[in-house]
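Residue strings, one per chain:
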Amino acid sequence: KDVNSNIPAIANYFGTKGRYEEVNPHLLDDILSVNKSILKPGCTGCTAVHVTAIIRHGTRFPTSKNIRRMQRLYDLVLNEAVATDTWLNDIKTKWHMWYTDDMDGKLVKKGRDDHRHLAVRLATLFPSLISEENLRNGRIRFITSSKHRCVDSVVAFQEGLLNLWKVAEVGLGHKINDELMRFFDQCQRFIEGVENNKTALEQVYLFKDSAEMKRVQMKMADQLQVPYSHITTDLVEAAFFLCSYELAIKSLNSPWCNLFDETDAQVLEYKNDLKQYWKRGYGHDINRKSSCTLFHDLFNRLDRAAHEIRFGHVSEAVTIQVGHAETLLPLLALMGFFRDEMPLTADNLDMQRGRTFCTSRIVPYAANLVFVLYDCSEGLRLQFLLNEKPLNFPNINHSAPLYGTVREAYGELLHGCNFEKECELHIPNHANEL
Ligand SMILES: O=P(O)(O)O[C@@H]1[C@@H](OP(=O)(O)O)[C@H](OP(=O)(O)O)[C@H](O)[C@H](OP(=O)(O)O)[C@H]1OP(=O)(O)O
């Protein structure tokens, strides 16, 4: 059966609820395929000596907040919608609400597979580092956020490696470290200024009220033949989530997807990007700065490897760190990736159609940032891969620049970016001073 036949036409617009396969469609044909040619740093005599991978957990159930919204939508469709189309009749007669409150963001089977398969692909890309020998010698470290979906992902990643090498007996451990992987929970300035401050997400609320959103709401009400006032933006989003979750969890092209065409999906994608931009991205400075500890942790490890390689042995060959979209996005923003010239605002969807800050491309489930340190004849080099594809560091025109060049580019952050200082509370006058 054609693997693409079950994919809704709007699957590329699901933002943080998107599948990894939409970002790397070749995996639909072969989930273990890797392209080793991306690793050539374009220089002579290079050996990879250290890899750090910062990975989002795999596919998960919706959070209970969104499950409740889906239930409300389902009840409305059952009780009020008039089914003139087959798909709507299918929702009313064949589909049933199978999501329950207790699923609350837990990792699903597909999510475990995401990590098992990623582990195998990374081991194929870096066989000398992600190796059975290094695993046995404790040269591969695993760190995770305390959330069940992250812990379960790290365990699945380890299972992937153990199955690959057909090893049964190695008891693998992991360290839970929320200071590193859930820094946003510990940054008071972020919590008070953004998380608990509705004005910080003003652009998201304004967009919910925009003409673009209204059009999607009215179209949905027309399709269901219910009064316009009954279709809130929350319910529109619930339907969009249903379409995305049925694909991500069950690989289904759900009847719920019929409620949206590509233009609608672009509107809802922008709504999600606005949330991510103002809560985790460039919208407020503290979003990025809250990741200072993770940034320093990464460079400390690279520095240590750079130092040790002079004596011929890197003690920590590989570090696998598992966290959330809100772990990866602030770090990417701190490091200057995906910065658009103009901020994302409620009134500039049209201008932002070509934006680089597009979470459907950046942080699907199992999204990963991989930093590879190479020992080359002309010195140490660092390559960055996002979702297994090379990405140049901002303003550095080389796919694997000298490590010293990268350190220089981030000099200001390396000498500053102090979590305690950035995150201590002082009440700003305006949200945009955050
Ligand atoms: O799915 P949602 O809208 O409930 O948002 C999730 C958050 O729930 P909340 O909004 O705080 O109730 C959720 O927060 P909690 O872990 O429940 O505190 C996560 O931040 C989640 O990100 P990820 O999937 O773990 O990478 C968030 O998902 P994304 O915004 O990354 O899709």
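Before any of the text, the structure's been laid out above.
Presented here is a report on the structure given in the accompanying data block. None of the values given here were measured: they were computed from a predicted structure.

Reading the values: rules and limits
Each chain has its residues counted from 1, following the order in which its sequence is written. Totals for whole chains, interfaces and linings use all residues, but because this is a predicted model, local features are given only for residues with pLDDT of at least 70 and pairs of side-chain atoms are given and counted only at 80 or more. Water and hydrogen atoms were dropped before computing side-chain values, which therefore reflect all heavy atoms in the structure. In DSSP terms, a helix is any run of H or I states spanning at least four residues, a strand is any run of E spanning at least two, and both are numbered starting from the N terminus. The atom set for the radius of gyration is the C-alpha atoms, and the globule formula is 2.2 Å times the number of residues raised to the power 0.38. Accessible area is worked out with a 1.4 Å probe on protein chains only. A residue is then buried under 20% of its type maximum, exposed over 50%, and partly exposed in between. Pairs of residues are marked as contacts when any of their non-hydrogen atoms sit within 4.5 Å. We treat Lys and Arg as the positive residues and Asp and Glu as the negative residues; His and chain ends play no part in the count. Here the site of a charge means NZ on Lys, CZ on Arg, CG on Asp, or CD on Glu. One bridge is not enough; two strands pair if DSSP finds at least two bridges between them. Axis definition: a line fitted to C-alpha atoms, limited for helices to the stretch in contact. Angles are taken between N-to-C directions and run from 0 to 180 degrees. Reported orientations rely on four angle classes, namely roughly parallel under 35 degrees, roughly antiparallel over 145, roughly perpendicular from 65 to 115, and oblique for the rest. We call Asp, Glu, Lys and Arg charged. Ala, Val, Leu, Ile, Met, Phe, Trp, Tyr, Cys and Pro are nonpolar, and the rest, Gly among them, are polar. Buriedness for pockets is judged along seven lines, at least five of which must meet protein on both sides within 12 Å for an open set on the 1 Å grid over protein atoms alone, while cavities are sets there where a 1.4 Å probe fits but cannot get out, and lining residues have an atom within 4 Å of a point. Grid points are joined across faces, edges and corners, and a volume is the space filled by probe spheres set on the points.

Comments concerning the overall build of the protein chain
Here's step 1: Assigned secondary structure in the protein chain consists of 19 helices and seven strands.
Here's step 2: Its C-alpha atoms give the protein chain a radius of gyration of 22 Å, near enough to 22 Å, the size a compact globule of 434 residues would have.
Here's step 3: Principal axes of the C-alpha set define a box for the protein chain whose edges measure 75 × 55 × 35 Å.
Here's step 4: Counting the 434 residues in the protein chain, one finds 58% classified as buried.
Here's step 5: In the protein chain, of all internal contacts separated by at least 6 residues, the share reaching a separation of at least 24 is 79%.
Here's step 6: Charge-centre separation for the protein chain: the mean point of 51 positive side chains lies 3 Å from the mean point of 55 negative side chains.

Brief notes about the sheet that holds strand 3 (residues 175-176)
Here's step 1: Ordered by their spatial adjacency, seven strands build an open sheet running 3-2-4-1-5-6-7, and the pairing between neighbours is mixed. Strand pairing shows two members of the sheet lacking a second neighbour, strand 3 and strand 7 (389-390), which therefore form its edges.
Here's step 2: Where strand 1 (residues 47-56) meets strand 4 (residues 318-323), six bridges bridge the pair, whose relative direction is parallel. Bridge pairing links Ala53 to Ile320 in strand 4.
Here's step 3: The strands touched by helix 6 (residues 148-165) are strand 1, strand 2 (140-144), strand 3 and strand 4; relative to strand 2, the strand with the most contacts, the crossing angle is about 155 degrees.
Here's step 4: Most of the contacts of helix 14 (residues 292-308) go to strand 1, to which it runs at about 165 degrees, and overall it touches strand 1, strand 2, strand 4, strand 5 (368-376) and strand 6 (379-386).

Here we look at the packing of helix 2 (residues 64-80) against helix 3 (residues 86-93)
Here's step 1: For the pair helix 2 and helix 3, interaxial distance at closest approach is 9 Å and the crossing angle is 110 degrees. Here helix 2 lies roughly perpendicular to helix 3, going by the angle between them. The segment helix 2 lies against helix 3, with Tyr74, Val77 and Leu78 engaging Leu88, Ile91 and Lys92.
Here's step 2: The residue makeup of the contact of helix 2 with helix 3, split by class, is five nonpolar, no polar and one charged.

So, the pairing of strand 4
Here's step 1: Extensive coverage of strand 4 is indicated by the burial of six of its six residues.
Here's step 2: Judged by which residues are buried, strand 4 turns out to be covered on both faces: Val318, Ile320 and Val322 on one side and Thr319, Gln321 and Gly323 on the other are all buried.

Observations regarding empty space enclosed by the protein
Think of a ball as big as a water molecule: rolled over the atoms, this probe shows where empty space is left.
Here's step 1: For the structure shown, the criterion picks out two cavities of 30 Å³ or more.
Here's step 2: Its boundaries defined by the atoms lining it, the largest cavity holds a volume of some 60 Å³.
Here's step 3: Lining the largest cavity, in full, are Tyr13, Phe14, Gly15, Glu237, Phe240, Phe241, Leu268, Glu269, Lys271 and Asn272.
Here's step 4: If you list the elements that add at least two residues to the lining of the largest cavity, you get helix 11 (233-250) and helix 12 (262-279).
Here's step 5: Ranked by the residues each element gives to the lining of the largest cavity, the list is headed by helix 12, at four residues.
Here's step 6: Among the residues making up the lining of the largest cavity, the classes are represented as five nonpolar, two polar and three charged.
Here's step 7: Its volume calculated, the second largest cavity comes out at about 30 Å³.

So far we have only geometry, and geometry alone does not tell us how the molecule works.
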